[in-house]
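# Analysis of the macromolecular model
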Amino acid sequence: MLKRRMLFLLLLALLLIPTAAASMQEGGKGDEVPVDAGEIDTEDWVALEGEGITVQVPPTWIDMNADIDELMESLGDVESDIDFESLMASVEALGDVYLLFAMNTDASSAEFTTNLNVVGLDIGAALPIETLLDANLDAMRATMPNIEGEIIELNDEEVGFVTASYELNGLDVVQVQYYYVRDTWLYVVTFTTTEEFFEELEPEFAAIAETLETEND
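So, a few notes on the structure that sits alongside this text. All of these numbers come straight from a predicted model, not from anything done at the bench.

Once that is clear, we can look at the overall build of the protein. If you tally the helices and strands in the protein, you get five helices and 11 strands. Residues classed as buried in the protein amount to 50% of the 217 residues present. Partitioning the intrachain contacts of the protein with sequence separation of at least 6 by distance along the chain shows that 68% fall at a separation of at least 24. Taken as a whole, the protein presents about 10,400 Å² of accessible surface, with 44% of it coming from carbon and sulfur.

What follows is the structure in structure tokens.
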């Protein structure tokens, strides 16, 4: 039952990158942040608030309506092999786990919008991050056989870290995810952009992820 719920959570986190042919970059085990976010100037950053969460972002990021029905409707015309009706049924079964959706106005084009989203789920037990990350990876290997992840440290907290690169509608897309366990809750922070912007934005993604505050801290 846990793996089934975790798979639904990951499907929800992946709503903004509809593709059934994603290939994950392999990673190893580590205990350090994979990029240096310490030199980023955060003085003019602003807070974005979701249901029970807050993240700090540069002013180029704007909060969007995370209403799941509207989001699913907007994705309905996207070319994809994903069965959106079945996915919507999974979303409805989860309830209000979609907490925040934002876009970066400076790193977007007519073809793709750089975005972040946060989902959260009370899994009913305080499980180790390794267990939750492995459960998600195992559940997704049926369609993504090369998926890998690692455990890193952010602000002295162990966090799951996953990256993905794939082609979507002719674009080279890169995704970064951070998994947090707070009390009995799992939170997944997902950043998605194109290869064009990824190298520039990767430190910013890490810096934003470091600011995640939740009501379960």
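Let us keep going from here.
Among the five residues of strand β7 (residues 150-154), four are classified as buried, and the element is accordingly described as predominantly covered. Of the pairings in the sheet, the one linking β7 to strand β8 (residues 157-168) comprises five bridges and is antiparallel in character. Among the inter-strand pairings, Leu154 is bridged to a residue of β8, identified as Glu157.

The next point concerns the pairing of strand β6 (residues 113-122). A large share of β6 lies buried, amounting to eight of its 10 residues. One ladder, built from six bridges, connects strand β5 (residues 98-108) with β6; its direction is antiparallel. When the bridges of β6 are listed, Met103 appears paired with Asn115. Two strands pair when backbone bridges link them, and β6 and strand β10 (residues 185-194) are joined in this way by eight bridges, in the antiparallel orientation.

Applying the stated criterion across every chain, the model contains six aromatic pairs. Ring geometry for Trp61 and Phe191: centres 6.4 Å apart, planes at 75°, overall edge-to-face. Taken together, the residues Trp61 in strand β4 (residues 61-63) and Phe191 in strand β10 connect sequence positions 130 residues apart. Of the two residues, Trp61 and Phe191, neither departs from the other in class, the shared state being buried.

Conventions we followed
- Going along each chain's sequence as written, the residues are numbered from 1 onward.
- Note on the predicted model: pLDDT of at least 70 is required for a residue's local features to be given, and 80 or more for side-chain atom pairs to be given and counted; whole-chain, interface and lining totals, by contrast, use all residues.
- Hydrogens and water molecules were not included; the side-chain quantities draw on all heavy atoms of the structure.
- Put simply, DSSP marks the helices as runs of H or I at least four residues long and the strands as runs of E at least two long, and each gets a number from the N terminus on.
- Under the scheme applied here, a residue whose accessible area is under 20% of the maximum for its type counts as buried, over 50% as exposed, and between as partly exposed, the area being computed with a 1.4 Å probe on protein chains only.
- Any two residues whose heavy atoms approach within 4.5 Å are treated as being in contact.
- Reported accessibility uses the Shrake-Rupley method at a 1.4 Å probe radius. Residues are deemed covered only where the shown protein chains occlude them.
- Strands were regarded as paired on the criterion that DSSP finds at least two bridges between them.
- Classification of ring pairs uses Phe, Tyr and Trp, with its six-membered ring standing for Trp, and accepts pairs whose centres are within 6.5 Å; under 30 degrees between planes counts as stacked, over 60 as edge-to-face, and the remaining range as tilted.

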